[in-house]
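A structural walkthrough
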There are 2 protein chains.
Amino acid sequence: MSISEKHRLPRHIGFIPDGNRRWALEQGLEKQEGYGHGIQPGLALIETCKALGIEEVSVYGFTQDNTRRPAIQKESFSKACVEFALEVAQRGAALLVVGDDKSEQFPHALKPYKFRRGAGIKVNLLVNYGWQWDLNGLKNGTLRSQDVSRIDLVVRWGGGRRLSGFLPVQCVYADIFVVEAYWPDFDESHLDEALTWFERQDRTFGG
Amino acid sequence: MSISEKHRLPRHIGFIPDGNRRWALEQGLEKQEGYGHGIQPGLALIETCKALGIEEVSVYGFTQDNTRRPAIQKESFSKACVEFALEVAQRGAALLVVGDDKSEQFPHALKPYKFRRGAGIKVNLLVNYGWQWDLNGLKNGTLRSQDVSRIDLVVRWGGGRRLSGFLPVQCVYADIFVVEAYWPDFDESHLDEALTWFERQDRTFGG
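Numbering of residues begins from 1 in every chain and follows the order in which that chain's sequence is written. Ligands are numbered from 1 and chains lettered from A, in the order in which they are written. In keeping with the predicted nature of the model, local features appear solely for residues at pLDDT of at least 70, side-chain atom pairs appear and are counted solely at 80 or more, and the whole-chain, interface and lining totals rest on all residues. Side-chain measures here rest on the full set of heavy atoms in the structure, leaving out hydrogens and waters.

Here we come to the overall build of chain A. Helix numbering and strand numbering both begin at the N terminus, where a helix is a DSSP run of H or I of at least 4 residues and a strand a DSSP run of E of at least 2. Of regular secondary structure, chain A possesses 5 helices and 6 strands. Ordered by position in the sequence, the α and β elements of chain A form the string β-α-α-β-α-β-β-α-β-β-α. As a reference, a globule follows 2.2 Å times the number of residues to the power 0.38, and the radius of gyration itself is taken over C-alpha atoms. For chain A, the C-alpha radius of gyration of 16 Å lies close to 17 Å, the compact-globule estimate for 207 residues. Only protein chains enter the calculation, and the probe is 1.4 Å; a residue is then buried if its accessible area is under 20% of its type maximum, exposed if over 50%, and partly exposed in between. Counting across all 207 residues of chain A, residues that qualify as buried make up 58%. Computed by Shrake-Rupley with a 1.4 Å probe, the accessible areas treat only the displayed protein chains as cover when residues are assessed. Total accessible area on chain A is roughly 8900 Å²; 47% of this is exposed by carbon and sulfur atoms.

Next up, the structure:
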């Protein structure tokens, strides 16, 4: 069955592109060199989602926790997120960047996207995001990620079977599919497997 | 390796005992007859956790969403939760029942446990729990489940790869282990497999 012949597609997919550093080490590169190799796979993934007619995707860029890593890594993943986001916007998408933009860790180039801009598939990129930062918004009435809708399916690369603080409220009912491959080794077949699996899941939404 | 020889045990395990109704149907019983068959496995699980020296466990009893099911099912899972909880308390545990106790869906017999009572392993039983009810506490400063600590490992029976609203904040960094067997078919080997798997996971806590 071709990827476009699925009957029941998720409306909103969350992506956790993990394993960039482990991939780099396996290639004989330095850890921080992995991130740049995640950009083209990310763009390919968005194009596939567009072609399938997926309405909304959320992508885990980097977190406030991640910014405690060595500076050379931090610069590298931040740069990769900026390059990815600007190219996504350029190719046509309704882009929203979600994260603490009051911190110097938030890339200046992404500030125009703290409110959704553009038309097309909704792409939410988490940058300098923190689950506590997000939930603290509730103290003033609403999540800070309130413009991100409920997620149906989470696909995580790199073998980890956990959410790692990824949009905890939007993911309450999400089905979680884990790909063992590291993110820079993304292949369209991973998404195909995730969607085939998702079709078979019984969606109860807690009922 | 015996279950007691693990080096790195989780401090706090969350249990999602799913599949009672599917188990009942497979046995030629009616759906609601499954819940009663989950009590003895639950007691056995708690005894194993005590023997291992696990400090805290959280068990998904039923949710506010679940109470919209047919009355015959609702009575059955509510009764099973009460019987389980009172026996856990009787055998010795620091029991806390977490859920909306202002509703008539909250069993009267469990009201004494809305504050933690007793000594021994901490057992948190979610009864008439709702993730929104829980998070709404933040609007007044703290989660309603504030006495439940961070969860290291979630074990879910019945094949579902999702959290289904189970303590979303405590589970942000939890590793999730899925057992295909239905809950009433609980066997100690399931916990053994989960703990063996957990030992191999790289705990980063988002860093």
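Any two residues having at least one pair of non-hydrogen atoms within 4.5 Å are treated as being in contact. Each partner contributes to the interface: chain B provides 32 residues, whereas chain A provides 32 residues. With both sides pooled, the region where chain B packs onto chain A buries about 2700 Å², and carbon together with sulfur makes up 50% of that total. Here a salt bridge means any side-chain nitrogen of Lys or Arg lying within 4 Å of a carboxyl oxygen belonging to Asp or Glu. Taken together, chain B and chain A are joined by 2 salt bridges. One salt bridge in this structure joins Asp175(B) and Arg162(A), with 2.9 Å as the shortest N-O distance. In protein, a polar contact means a hydrogen-donor-capable atom and an acceptor-capable atom, both N or O and within 3.5 Å, with residues adjacent in sequence counting only if both atoms are side-chain atoms; elsewhere, any N or O pair within 3.5 Å suffices. Our count for the chain B to chain A interface comes out at 12 residue pairs in polar contact (both at pLDDT 80 or more). Computed with a 1.4 Å rolling probe, the buried area is the accessible surface lost when two parts are put together, summed over both parts.

What follows is about the environment of Ala109(A). Residue and element names in this part refer to chain A. In this fold, alanine 109 is placed in the loop between strand S3 (94-98) and strand S4 (122-129). C-alpha separation for the pair alanine 109 and threonine 48, spaced 61 residues apart in sequence, amounts to 26 Å. Among all residues touching alanine 109, those that are not within four sequence positions of it are Val82 and Leu86.

So, about the sheet that holds strand S2 (residues 56-63) of chain B. Residue and element names in this part refer to chain B. Paired strands, as defined in this entry, are two strands with at least two bridges between them according to DSSP. Pairing is parallel in the open sheet, where 6 strands are placed in the order S3-S4-S2-S1-S5-S6. Strands at the two margins of the open sheet, each flanked by one partner only, are strand S3 (94-98) and strand S6 (175-179). Averaged over all pairs of adjacent strands, the angle between strand axes in this sheet comes to 20 degrees, irrespective of strand direction. Relative to S6, strand S5 (residues 153-157) is paired through 5 bridges, and the arrangement is parallel. In this description, a line fitted to the C-alpha atoms serves as the axis of each element, helices being fitted only across the stretch in contact, and the angle between N-to-C directions of two axes falls anywhere from 0 to 180 degrees.

Our next topic: the pattern of salt bridges. Residue and element names in this part refer to chain A. In this structure the tally under the stated criterion is 20 salt bridges over all chains. The residue glutamate 87 makes a salt bridge to arginine 91 at a minimum N-O spacing of 2.8 Å. On the criterion of helical spacing, the pair formed by glutamate 87 and arginine 91 is a turn pair, its members being 4 residues apart in helix H3 (residues 71-91). Through salt bridges with shared partners, one network takes in Glu47, Lys50, Glu87 and Arg91.

One non-glycine residue, Leu167(A), lies in the positive phi region at around 35 degrees. Of the residues examined, Leu167(A) reaches a relative accessible area of 0% and is grouped as buried.

On to helix H5 (residues 188-200) of chain B. All names here are of chain B. Over its 13 residues, H5 runs 19 Å from end to end, which matches the ideal 18 Å to within 8%, given 1.5 Å per residue. Restricting attention to buried positions, one finds in H5 the residues His190, Leu191, Ala194, Leu195, Trp197, Phe198 and Glu199. Next to the buried residues of H5 lie strand S1 (12-16), helix H2 (39-52), S5 and S6. A helix is expected to span 1.5 Å for every residue after the first.

Residue and element names in this part refer to chain A. Read across the open sheet, the 6 strands follow the order S3-S4-S2-S1-S5-S6; overall the sheet is parallel. The open sheet has two edge strands, S3 and strand S6 (175-179), and neither has a second partner. Shown here is a sheet whose adjacent strand axes are inclined to one another by a mean of 20 degrees, direction ignored. Here H3 sits on the sheet and contacts strand S2 (56-63), S3 and S4; the angle it forms with S4, its principal contact strand, is near 160 degrees.

With that out of the way, let us pick up the packing of helix H2 (residues 39-52) of chain A against helix H5 (residues 188-200) of chain A. Residues and elements named next belong to chain A. The contact between H2 and H5 brings their axes to 10 Å, and the two run at 45 degrees. On the basis of the axis angle, H2 is oblique to H5. The element H2 and its partner H5 pack so that their crossing is right-handed. Judged by residue contacts, Leu45, Thr48, Cys49 and Leu52 of H2 engage Glu188, Leu191 and Leu195 from H5. Taken together, the residues that form the contact of H2 with H5 break down as 5 nonpolar, 1 polar and 1 charged. Angles are sorted into four bins: roughly parallel if under 35 degrees, roughly antiparallel if over 145, roughly perpendicular if 65 to 115, and oblique for all others. Should the near helix be turned anticlockwise from the far one by less than a right angle, the crossing is left-handed, and should it be turned clockwise, the crossing is right-handed. Ten residues, namely Ala, Val, Leu, Ile, Met, Phe, Trp, Tyr, Cys and Pro, are considered nonpolar, four, namely Asp, Glu, Lys and Arg, are considered charged, and the remaining ones, Gly among them, are considered polar.

Scope: geometric values only; no functional claims are made or implied.
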